[in-house]
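Overview (structure and organization)
Each chain, letter by letter, is given below.
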Amino acid sequence: MDIQEGAIELLSERLAADEFSLPEWRAPVFPDENSSGVSERDIIDFLFLGNTINFQFRDYDTGDKFTATYAGTEWSGAFAMWACLRREFDDNPAILRGDTLSDLSLSDVERLFEPADGDEIPMLEERHQILTQVGENLSNQYDGRFANLIDSAEPCLYADGNGIVDRLVTHLPSFDDSSAVTLADGSALEVAFWKRAQLAAGMAYGRFQNQECFRVEDPGAFTLFVDYNLPNVLRELGVLEYSDHLAELVDSRTMIEAGSREEVELRAATVHAGDELIEKLMDCRDSSVYAPHLDYKLFQMRDEIDGTIHITRTTAY
Ligand SMILES: Nc1nc2c(c(CN[C@H]3C=C[C@H](O)[C@@H]3O)cn2[C@@H]2O[C@H](COP(=O)(O)O)[C@@H](O)[C@H]2O)c(=O)[nH]1
């Protein structure tokens with residue numbers, strides 16, 4: 001894997017004058033704190049709960065996205081997951097509470113993710129296991145609510161163990177998305193991506209635009225939320241150049257094992273390239289650009305570009 005510095009230069013020049021808005025995530029699949037009976041704390045609970053299971057929405061063989069219906073619309077991919085959660089929230093707002101989550105049976109979760117057509121959501125058992133474990137942990141430590149976890153943390157991603165991401169990855173293990181790699185000199189390196197933990201904070205940061213009810217005082221600490229779309233987008237933009245070996249694996253849709261050297265390299269290179277792009281954009285703009293801004297711009301390109309996403313079965317993204 002090579003990161004093409006020339007392509008980073010060109011891309012940052014191309015994007016320099018762009019508008020970098022922060023998505024507020026106000027599509028119909030997300031509740032609205034301005035509607036009656038829905039509070040800002042409910043929105044925080046909803047966005048953080050959805051990001052405990054915000055992974056793997058494509059069939060491993062066909063690549064077809066999971067679909068679900070909400071408000072007369074058929075949603076696909078991660079939006080379909082949000083649609084299922086919104087459907088349940090409308091019927092039963094208590095779904096956001098720890099005691100409800102910890103009592104969910106596998107068939108409850110199967111019903112929760114009722115697909116629009118026959119294809120069941122991938123990794124249903126893993127989602128059930130995560131939802132019940134999150135429910136137990138929230139009940140034991142935060143009176144059953146993500147909003148209480150946020151209230152008790154510093155208004156930062158990281159603060160000597162007391163930041164939002166610090167707490168998520170410490171108290172809710174399914175957010176602890178990291179991999180150990182062995183370097184050329186034989187030493188071991190723990191690479192923390194914490195993608196869903198960062199995405200949860202990033203989505204709340206966008207919804208509340210860093211206002212009182214959800215502030216992040218260290219937005220420079222965000223990295224790209226490296227899922228299976230971003231490496232492909234950066235590859236198509238010429239920023240990431242896969243080795244022949246990696247290109248062969250990805251283009252043949254060969255399953256790449258989570259935690260393998262190839263998978264960690266795909267994710268680490270994406271994060272590093274994102275950091276370099278942000279640095280260059282900050283140098284040539286007067287308004288700040290942080291990872292959530294760049295992430296959304298790149299993430300939105302996922303449907304415009306060709307290329308093949310890499311196939312890794314993981315609960316991390
Ligand atoms: N980098 C980055 N990755 C993101 C998001 C979101 C945001 N949530 C949903 C809400 C609105 C958007 O339309 C998103 O679909 C999801 N993902 C990740 O992508 C994958 C789903 O992709 P697809 O199968 O194509 O839907 C999956 O790993 C999911 O974790 C983001 O903002 N940035």
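All of these numbers come straight from a predicted model, not from anything done at the bench. (Residues numbered from 1 in each chain as written. Predicted model: local features only at pLDDT ≥ 70, side-chain atom pairs only at ≥ 80, totals over all residues. Heavy atoms only, no water.)

1. Some remarks on the packing of aromatic side chains
Tallied over the entire structure, the rule returns 14 aromatic pairs. With 5.6 Å between their ring centres and 50 degrees between their planes, Tyr205 and Phe222 make a pair best called tilted. Here Tyr205 is found in helix α9 (residues 195-208), whereas its partner Phe222 is found in the loop between α9 and α10 (230-236), with 17 residues between them in sequence. Assessed through its relative accessible area of 5%, Tyr205 is described here as buried. Grouped by ring-pair contacts, the aromatic residues Trp25, Phe30, Phe46, Trp75, Phe79, Trp82, Phe89 and Tyr296 constitute a single cluster. The lysine or arginine in question, Arg267, covers the ring of Phe193, its NZ or CZ lying 4.3 Å from the ring centre. (Phe/Tyr/Trp six-rings, centres within 6.5 Å; stacked < 30°, edge-to-face > 60°. Helix = DSSP H or I, 4+ residues; strand = E, 2+ residues; numbered from the N terminus. Buried < 20%, exposed > 50% of the residue type's maximum accessible area, 1.4 Å probe, protein only. Lys NZ or Arg CZ within 6 Å of the ring centre and 35° of its normal.)

2. Digging into the domain arrangement of the protein
Annotation of the protein at the domain level lists domain 1 (1-22 + 175-196 + 213-317) and domain 2 (25-152). If you average the C-alpha positions of domain 1 and of domain 2, the two centres end up 25 Å apart. Across the contact, 20 residues belong to domain 1 and 23 residues belong to domain 2. For the domain 1 and domain 2 pair, buried surface summed over both sides reaches about 1,600 Å², with 57% attributable to carbon and sulfur atoms. Our count for the domain 1 to domain 2 interface comes out at two salt bridges. Its salt-bridge partner being Glu126, residue Arg313 comes within 3.2 Å of it at the nearest N-O pair. Our enumeration of links across domain 1 and domain 2 arrives at nine residue pairs in polar contact (both at pLDDT 80 or more). (Domains from an automatic or database assignment. Contact = heavy atoms within 4.5 Å. Buried area = accessible area lost by both parts, 1.4 Å probe. Salt bridge = Lys/Arg side-chain N within 4 Å of Asp/Glu carboxyl O. Polar contact = N/O pair within 3.5 Å; in protein donor to acceptor, adjacent residues only side chain to side chain.)

3. Quick word on helix α8 (residues 164-171)
Because each turn of an α-helix spans 3.6 residues, side chains separated by three or four positions in sequence point in the same direction. Across the eight residues that make up α8, a large majority, six, are buried. Turning to α8, its buried residues are Ile164, Val165, Asp166, Arg167, Leu168 and Val169. The inward-facing, buried residues of α8 abut α2 (40-50), α7 (146-152) and α9.

4. Points about the site of the ligand
The full set close to the ligand counts 22 residues, and Asn54, Phe79, Lys195, Asp295 and Arg302 are the nearest of them. Take Arg302: an N or O atom from its side chain is 2.6 Å from an oxygen atom of the ligand. Within the complex, 97% of the 630 Å² of free accessible area of the ligand lies under protein. Counting only elements with at least two residues in the shell around the ligand, the list comes to α3 (78-91), α9 and α13 (291-300). Considering only residue class, the shell around the ligand consists of 13 nonpolar, three polar and six charged. (Near = heavy atom within 4 Å. Areas by Shrake-Rupley, 256 points an atom, 1.4 Å probe, with all protein chains shown as cover. Nonpolar A, V, L, I, M, F, W, Y, C, P; charged D, E, K, R; others polar.)

5. Details of the packing of helix α1 (residues 5-15) against helix α12 (residues 261-283)
The N-to-C vectors of α1 and α12 enclose an angle of 45 degrees; their axes lie 9 Å apart at closest approach. Considering the angle they form, α1 stands oblique to α12. Considering the relative orientation of α1 and α12, their crossing is right-handed. Between α1 and α12, the residues in contact are Glu5, Ile8, Glu9, Leu11, Ser12 and Leu15 and Ala273, Glu276, Leu277, Lys280 and Leu281, respectively. Its residues placed into classes, the contact of α1 with α12 shows six nonpolar, one polar and four charged. (Axes fitted to C-alpha atoms, helices over the stretch in contact; angles between N-to-C directions. Parallel < 35°, antiparallel > 145°, perpendicular 65-115°, else oblique. Left-handed = near helix turned anticlockwise from the far one by under 90°.)

6. Describing the pairing of strand β3 (residues 73-76)
Relative to β3, strand β2 (residues 67-70) is paired through four bridges, and the arrangement is antiparallel. Bridge pairing links Thr67 to Ser76 in β3. What sits between β2 and β3 in their antiparallel hairpin is a turn of two residues, with Ala71 showing a positive phi close to 55 degrees. (Pairing = 2+ DSSP bridges.)

7. Here's the deal with the nonpolar core
Proteins that are soluble and globular tend to have nonpolar side chains buried together. The biggest cluster of nonpolar side chains holds 99 residues, and the ones touching the most others in it are Phe48, Phe113 and Phe214. With eight residues, the top contributor of residues to this core is α9. Each of domain 1 (1-22 + 175-196 + 213-317) and domain 2 (25-152) contributes no fewer than three residues to this core. Setting aside anything within four residues of it in sequence, one finds Phe214 in contact with Ile44, Phe48, Ile150, Ile164, Ala201, Ala204, Tyr205 and Phe208. Among the nonpolar cores identified, the runner-up in size contains six residues, and Val191, Val226, Val264 and Val271 belong to it. (Core = buried A, V, L, I, M, F, W, Y, C linked by side-chain atoms within 4.5 Å.)

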